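# Report on the structure
Below are the chains, spelled out letter by letter.
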Amino acid sequence: MHTTNLYNEKSKVAKTTDAVFDWDTFKFAPIRESQVSRAMTSRYFKDLNKYAESDIVIVGAGSAGLTCAYVLARSRPDLKIAIIEANVAVGGGCFLGGQLFSAMVLRKPADRFIKELGIEFEDEGDFIVIKHAALFITTICSKVLSLPNVKLFNATAVEDLITRKSAAGKTRVAGVVTNWTLVSMHHDDQSCMDPNTINAKVVISCTGHDGPMGAFCVKRLASQGLLERHKMGCLNMNLAEDSIVKNTREVFPGLVCAGMELAECDSSNRMGPTFGAMVQSGVHAAEVALDIYEERAKQDKLEY
Ligand code: AHZ
């Protein structure tokens, strides 16, 4: 059923939008509540079904995770990529610059990626400034979400990893264990709320430095003695950014680590509010993931 709303061409905003109507006679098209419920749930459960077998899972939708997702999904439109974000909102530490200020600083050569995204900035010589960090994160998020091979599951936490052992006895990461974040937060006061799972050939962890949820995959593997953990070093902008980008790698078979989570693996310095390393580490992580993908996919078939 269609509505017959009258377009108000005399409206003072008619030049900027077609969505101006005669408000006195205005009426929405009808809907039944169950239609809304089914429109949402049918799609969500279809996605859960589709992405239960993902090619690549990215954990954490901060600046490193979203950059990685954007580059990866565009380079390989044939791969199914799931992003798991514990918060309701994406962005991690990137809705603001430092100390709750708005502007976002990125050292060159990260300006190249920002240009590619079509985001305006001020050029200060060796670095650039975007007027609001939220402009970066919302722009890249909208670009990622419009890609057909990506699904973002937000308000969902990775609370464990799936592992497999090869015949030779080598362990590898083979997926993630998830739960609604609100459920994850209540394991101490409610009993046995079992999780869900996503199998993947490669997992890319971008969960930031240690905190209530941060550095999750590095901490989980370290807790099992599978990875050595060296806590994040003190702030040194010059050392920190190069180190994070250069050391972006597969830290454990099947697990690529990017962004500030790496500092919790390598004890590299933190950089504070300069974001070039998050962008470049995200790009590097996409490259590393594709370098190892075929090999890990082959293993995944064998080590069912
Ligand atoms: O909610 C977290 C955030 O959005 C999410 N996350 C953490 N643990 C998770 C889990 N399951 C699902 N178990 C999880 N999601 O991961 C995201 C991390 O974003 P971030 O902005 O914290 O990390 P980043 O590495 O992309 O960027 C770091 C930005 C920093 S911190 C820093 C410093 O402290 O010196 N400097 C910079 C530039």
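Here is a short report on the structure shown in this document. (Residues numbered from 1 in each chain as written. Predicted model: local features only at pLDDT ≥ 70, side-chain atom pairs only at ≥ 80, totals over all residues. Heavy atoms only, no water.)

## So, the site of the ligand
What counts here: Nearness of a residue to a molecule or strand requires only that one of the residue's heavy atoms be within 4 Å of it. Polar contacts, as used here, are pairs of N or O atoms within 3.5 Å; protein pairs need one atom able to donate a hydrogen and one able to accept it. Residues neighboring in sequence count only if both atoms are side-chain atoms. Reported accessibility uses the Shrake-Rupley method at a 1.4 Å probe radius. Residues are deemed covered only where the shown protein chains occlude them. Only DSSP runs of H or I covering at least 4 residues are called helices, and only runs of E covering at least 2 are called strands; the numbering of each starts at the N terminus. Note on residue classes: Ala, Val, Leu, Ile, Met, Phe, Trp, Tyr, Cys and Pro are nonpolar, Asp, Glu, Lys and Arg are charged, and everything else, Gly too, is polar.
What surrounds the ligand is a group of 29 residues, the closest being Glu85, Gly93, Met260, Arg270 and Gly272. Within the backbone of Gly92, an N or O atom sits 3.4 Å from an oxygen atom of the ligand. Considering the ligand on its own, with 800 Å² of exposed area, one finds that the protein chains cover 92% of that surface. Per-element tally for the shell around the ligand: the top contributor is strand β7 (residues 156-165), with 3 residues. Partitioning the shell around the ligand into residue classes produces 13 nonpolar, 14 polar and 2 charged.

## Quick look at the packing of helix α2 (residues 63-75) against helix α4 (residues 133-145)
Selection rule: Axis angles are defined between N-to-C directions and span 0 to 180 degrees, where every axis is a line fitted to C-alpha atoms and, for a helix, only to the segment in contact. Note on convention: the crossing is left-handed when the near helix lies turned anticlockwise from the far helix by less than a right angle, right-handed when the turn is clockwise. Every residue pair with non-hydrogen atoms within 4.5 Å of one another is taken to be in contact.
Relative orientation of the contacting elements α2 and α4 amounts to 35°, with a least axis distance of 9 Å. When you trace α2 past α4, the crossing you get is left-handed. Between α2, through Ser63, Leu66, Thr67, Ala69 and Tyr70, and α4, the contact on the second element is made entirely by Phe136, Ile137, Ile140, Cys141, Lys143 and Val144. Classifying every residue of the contact of α2 with α4 gives 8 nonpolar, 2 polar and 1 charged.

## Concerning the packing of aromatic side chains
For clarity, the cut-off: In summary, the pairing rule links any two rings of Phe, Tyr or Trp, Trp by its six-membered ring, whose centres are within 6.5 Å, and it sorts them by plane angle into stacked for under 30 degrees, edge-to-face for over 60 and tilted for everything else. Note on classification: 1.4 Å probe, protein chains only; a residue is buried when its accessible area is under 20% of the maximum for its type, exposed when over 50%, partly exposed between these limits. Two thresholds decide whether a charge sits over a ring: the Lys NZ or Arg CZ must be within 6 Å of the ring centre and within 35 degrees of the ring normal.
One pass over the full model with this rule turns up 9 aromatic pairs. Ring geometry for Phe21 versus Phe26: centroids 5.7 Å apart, planes at 45°, classification tilted. By relative accessible area, Phe21 is classed as partly exposed at 24%. Relative to Phe153, the ring of Tyr44 has its centre 5.8 Å away and its plane inclined at 90°; by these criteria the two rings are edge-to-face. On the criterion of sequence distance, the pair formed by Tyr44 in helix α1 (residues 33-51) and Phe153 in strand β6 (residues 150-154) is long-range, its members being 109 residues apart. Residue Tyr44 is classed as partly exposed on the basis of its relative accessible area, which comes to 22%. The class of Phe153 is buried, set by a relative accessible area of 3%. Put simply, the rings of Tyr44, Phe45, Tyr51, Phe153 and Trp180 touch in pairs and so form one group of aromatic residues. A cation over an aromatic ring shows up here: Lys151 above the ring of Phe153, its NZ or CZ 5.4 Å from the ring centre.

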